[in-house]
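# Residue-level structure breakdown
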Amino acid sequence: MAESSDFRTLKILDRFRPIVARTGADYDVLRLILRVKFQMDQRRVPTIMSARAKSKDNADSNHYIRSLWLYALMGIIMVPFVIWNTGHFMLQMGLVYGILMFMIMSSMISDFSSVLLDIRDRNIVMTKPVNARTVGMARAIHTGVYLLLLSGSLTAAPLVAGLVKHGIGFFLIFLIELILINMLILFSTSLIYLLMMKFMDGEKLKDAINMIQILLSVSIAIGYQFVIRSFEIIDFKTVFTPEWWQLFLPPIWYAAAYEWLFAGGGSGWIYTFTALAVVVPVICLIIYVKLMPSFELYLEKMAHVSQTSSRRRGRWDRIIAKLVSRSREEQACFRLAASLMRNEREFKLQVYPVLALAFVLPYLFWLTALQTSTWAEFRQSEFAYTLYIMLFMVVTAVNVLRYSGQYKAAWVFRAVPIASENVLYQGTLKAFLYNLFLPLFLLNAVVFTWVFGVRILPDLVIILLASSALVPLSGKLLLRTPPFSESFSMAQKSGGWYALIVIPVLIMLWGIHVWFKSLPGGIWIYSVILIVANVLLWRLLYQVKKPGNV
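Conventions and cut-offs
- Residues numbered from 1 in each chain as written.
- Predicted model: local features only at pLDDT ≥ 70, side-chain atom pairs only at ≥ 80, totals over all residues.
- Heavy atoms only, no water.
- Helix = DSSP H or I, 4+ residues; strand = E, 2+ residues; numbered from the N terminus.
- Buried < 20%, exposed > 50% of the residue type's maximum accessible area, 1.4 Å probe, protein only.
- Contact = heavy atoms within 4.5 Å.
- Areas by Shrake-Rupley, 256 points an atom, 1.4 Å probe, with all protein chains shown as cover.
- Patch = residues over 30% accessible without salt bridge, like charges linked within 9 Å, V, L, I, M, F, W, Y side chains within 5 Å.
- Salt bridge = Lys/Arg side-chain N within 4 Å of Asp/Glu carboxyl O.
- Polar contact = N/O pair within 3.5 Å; in protein donor to acceptor, adjacent residues only side chain to side chain.
- Core = buried A, V, L, I, M, F, W, Y, C linked by side-chain atoms within 4.5 Å.
- Axes fitted to C-alpha atoms, helices over the stretch in contact; angles between N-to-C directions.
- Parallel < 35°, antiparallel > 145°, perpendicular 65-115°, else oblique.
- Left-handed = near helix turned anticlockwise from the far one by under 90°.
- Nonpolar A, V, L, I, M, F, W, Y, C, P; charged D, E, K, R; others polar.
- Expected span 1.5 Å × (residues − 1).
- pLDDT = per-residue confidence, 0-100.
- Phe/Tyr/Trp six-rings, centres within 6.5 Å; stacked < 30°, edge-to-face > 60°.
- Lys, Arg positive; Asp, Glu negative; His and termini not counted.
- Charge placed at Lys NZ, Arg CZ, Asp CG, Glu CD.

### Comments concerning the overall build of the protein chain
- The number of helices and strands found in the protein chain is 25 helices and two strands.
- With 550 residues in all, the protein chain has 49% of them scored as buried.
- Expressed as a percentage of contacts within the protein chain between residues at least 6 apart in sequence, the contacts between residues at least 24 apart total 77%.
- Of the roughly 27,600 Å² of accessible surface on the protein chain, a fraction of 67% belongs to carbon and sulfur atoms.

Put into structure tokens, the structure is as follows:
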């Protein structure tokens, strides 16, 4: 069954044989490579299906194809925006394309970057008389087919809704722009990776690509805010105000065609946005095809491991470990956890976007407030409390401490003669607190102090103490297995249930903070309470019992 599906895909591709051949690729060899890749995809489990694949092992089916109905369900959230009768297509379709590009780009980063950058097949394919352009085109088509399946599933419901509500013209534009969006995402991402590979190699290259993936994850999330801020409400009517910075917002490009053709909103800006929606993906495609041999050549650098010294980082970890850990065992666990958090790319790809969003989100709330108040008024406001958003990152990151790309090595925790596993938990949580959370918090604290003045210093201390107390508490609730002992493929099983609990807890902590601040000397009383809570939580929740009779 899976084989016939692959054949159908290849038969559709056969109709574009002349176009593919014009790129300089050997079509017959390319088709053979793709057939093998599609057959091997039966073993690859996408992120969204990882939990189901564990429980229902079916070796004869393509797990990605089976996951498409879940994406179709997720796509239903875009239907209200499509049928929204505002008469202002820039708003509703801008939001639709913002959501759509976020989902496609997230999947591209989590599931398909490894496909684009896979060097394992080079040992087999590139040793044969196959040119680099053929291999590169097979790689791009392989990824593109699955991106189209993904985007088709996500937009199935919105496409039908648009056809019923707005007619066949709307449907066709949606379909064409869907292809253009996939081209833009696929080829622009490939060109970014190519640029990184040109100037770096070995471990530095892998680290740089990992950082690019993190930045892309953050940028597409933050991009929502700028899409929404492209619109203003004047006299209870939504008004689109063109600005130069909107030239860098692809969702605005793709929404412009609807405004032009269906709402009569033709203007120089609308024409420019519409042109960008077509021209930029085509330019990216042309550049990628020309540079495809270079991409394959530079990809070889991924196999080279450069030797970099980590003595300076190790010395810093030892200093911090001695300051915050009570025993040598805990210090060793601290250094091990710090090294894993810093060096394991899969872990960084899961956690670092959360850290970056937690760092940036308070400032996005500032933008909203500054639209209705002056800078002087804002500096006297209570927006310093937006720093509580960082506490949500604490729980999210602690939950990910369970997982590792090298989880099979966790047997060493059972083999070493440590007094208690609590030493491992405590060392890992402290490594997260001091190496990941605290630097970002202090950086935000400096900015907040500069904006709101030294009057908020007691509030910053309160928020830091609350964060510190939340780390062992969330660790006790969420870390049911030793840190770094589970595969990331199991991450979907945990779901996001903790978010439903964390948000009310953060609101409660903020409310308690405000209440104590309203009392005479209350801020200092609350500080003492939090200091005592920190001592008790860190010592009692992860108490290390001295060896005795078993």
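### A word on a nonpolar patch on the surface
- A contiguous nonpolar surface patch, about 510 Å² in accessible area, is contributed by Val278, Val279, Val282, Ile283, Ile286, Ile287 and Leu291.
- Take leucine 291: it is sitting in helix H14 (residues 268-299).

### Comments concerning the side chain of threonine 189
- With respect to the helices and strands, the residue threonine 189 is situated in helix H11 (residues 168-199).
- Of note is the side chain of threonine 189, whose polar atom sits 2.5 Å from the backbone oxygen of isoleucine 185.
- Non-local contacts of threonine 189, meaning those with residues more than four positions away in its chain, are made with Met105, Met108 and Leu184.

### A short note on the nonpolar core
- Core analysis: the biggest nonpolar cluster contains 78 residues, and Leu30, Met93, Leu100 and Phe174 have the highest contact counts within it.
- In terms of residues, this core owes the most to one element, H11, which gives 16 residues.
- When near neighbours in sequence (up to four residues on either side) are disregarded, leucine 30 contacts Leu13, Val20, Ala25, Thr134, Met137, Ala138 and Ile141.
- Core analysis: the second largest hydrophobic core is formed by 63 residues, Ile214, Ala337, Leu387 and Trp538 among them.

### Overview of the environment of asparagine 422
- Looking at the element boundaries, asparagine 422 is found in helix H21 (residues 421-452).
- Judged by relative accessible area, which is 17%, asparagine 422 ranks as buried.

### A word on the packing of H11 against H14
- One way to put it is that H11 packs onto H14 with a least axis distance of 8 Å and a crossing angle of 40°. Between H11 and H14, the crossing angle belongs to the class labelled oblique. The handedness of the crossing between H11 and H14 is left-handed.
- Class assignment of the residues belonging to the contact of H11 with H14 gives a composition of 21 nonpolar, three polar and one charged.

### Topic: the packing of H11 against helix H13 (residues 250-262)
- Between H11 and H13, the shortest axis-to-axis distance is 11 Å and the interhelical angle comes to 160°. Relative to H13, the element H11 lies roughly antiparallel. Both H11 and H13 take part in a crossing whose hand is right-handed. Packed against H11, whose contacting residues are Gly169, Phe170, Ile173, Phe174, Glu177, Leu180, Ile181 and Leu184, the element H13 presents Pro250, Trp253, Tyr254, Ala257, Tyr258, Leu261 and Phe262 at the interface.
- Classifying every residue of the contact of H11 with H13 by side-chain character gives 13 nonpolar, one polar and one charged.

### As for helix H9 (residues 132-154)
- The terminal C-alpha atoms of H9 lie 33 Å apart, and with 23 residues this matches the ideal 33 Å at 1.5 Å per residue to within 8%.
- Among the 23 residues in H9, 19 count as buried, and that is most of the element.
- For H9, the side-chain oxygen to backbone nitrogen distance between the N-cap and arginine 133 is 3.2 Å, and the N-cap itself is asparagine 131.

### A closer look at the side chain of histidine 513
- Inspection of the secondary structure assignment puts histidine 513 in helix H24 (residues 497-518).
- Sequence-distant contacts of histidine 513, defined by excluding residues within four places in its chain, comprise Tyr385, Tyr388, Asp459, Ile462, Ile463, Ile523 and Tyr526.

### A few points about the confidence of the model for the protein chain
- Here the protein chain averages 78 in pLDDT, and 79% of its residues register 70 or above.
- When pLDDT is averaged over each element of the protein chain, helix H25 (residues 522-540) comes out on top at 92 and helix H4 (residues 50-55) at the bottom at 42.
- The low-confidence segment residues 1-5 (pLDDT under 50) makes four contacts with residues lying over four places distant or belonging to another chain.
- Under a pLDDT of 50 for its full length, residues 45-62 has, in the predicted model, 43 contacts with residues more than four places off or in other chains.

### Topic: the pattern of salt bridges
- Using the criterion set out here, one finds five salt bridges in the structure.
- As a salt-bridge pair, arginine 31 and aspartate 14 come within 2.9 Å of each other at their nearest N and O atoms. Pair noted here: arginine 31 is in helix H3 (residues 27-40) and aspartate 14 is in helix H1 (residues 2-14), with a separation of 17 residues, a long-range link.
- With its nearest N and O atoms 3.0 Å apart, the salt bridge here joins arginine 17 to aspartate 28. Linking arginine 17 in helix H2 (residues 17-22) with aspartate 28 in helix H3, this pair joins segments that are 11 residues apart in sequence.
- Accessibility expressed as a relative area gives 37% for arginine 17, which makes it partly exposed.

### Concerning H13
- Over its 13 residues, H13 extends 19 Å from the first C-alpha to the last, a length consistent with the 18 Å expected when each residue adds 1.5 Å.
- Most of H13 sits inside the fold, with 10 of its 13 residues counted as buried.
- What H13 keeps buried is the set Pro250, Pro251, Ile252, Trp253, Tyr254, Ala255, Ala256, Ala257, Tyr258 and Glu259.

### Some details on the packing of aromatic side chains
- Tallied over the full model, the rule gives 25 aromatic pairs.
- Judged by centre distance (6.1 Å) and plane angle (65°), the rings of phenylalanine 347 and phenylalanine 484 are edge-to-face. Of this pair, phenylalanine 347 sits in helix H17 (residues 345-370) while phenylalanine 484 sits in the loop between helix H22 (457-478) and helix H23 (491-494), and the two are 137 residues apart along the sequence. Both residues of the pair, phenylalanine 347 and phenylalanine 484, belong to the buried class.
- When the ring of phenylalanine 359 is compared with that of tyrosine 363, the centres are 6.0 Å apart and the planes differ by 65°; the resulting orientation is edge-to-face. In this pair, phenylalanine 359 and tyrosine 363 are both assigned in helix H17, four residues apart and thus about one turn of the helix distant.
- These aromatic residues form a ring-pair network of at least three members: Phe359, Tyr363, Trp366, Trp375, Phe378, Phe383, Phe448 and Phe452.

### A short note on a positive patch on the surface
- Together, Arg315, Arg318, Lys322, Arg328 and Arg335 make up a positively charged patch on the protein surface.
- No other element matches helix H15 (residues 311-324), which puts three residues into the positive patch.
- Of note, arginine 328 is situated in helix H16 (residues 328-343).

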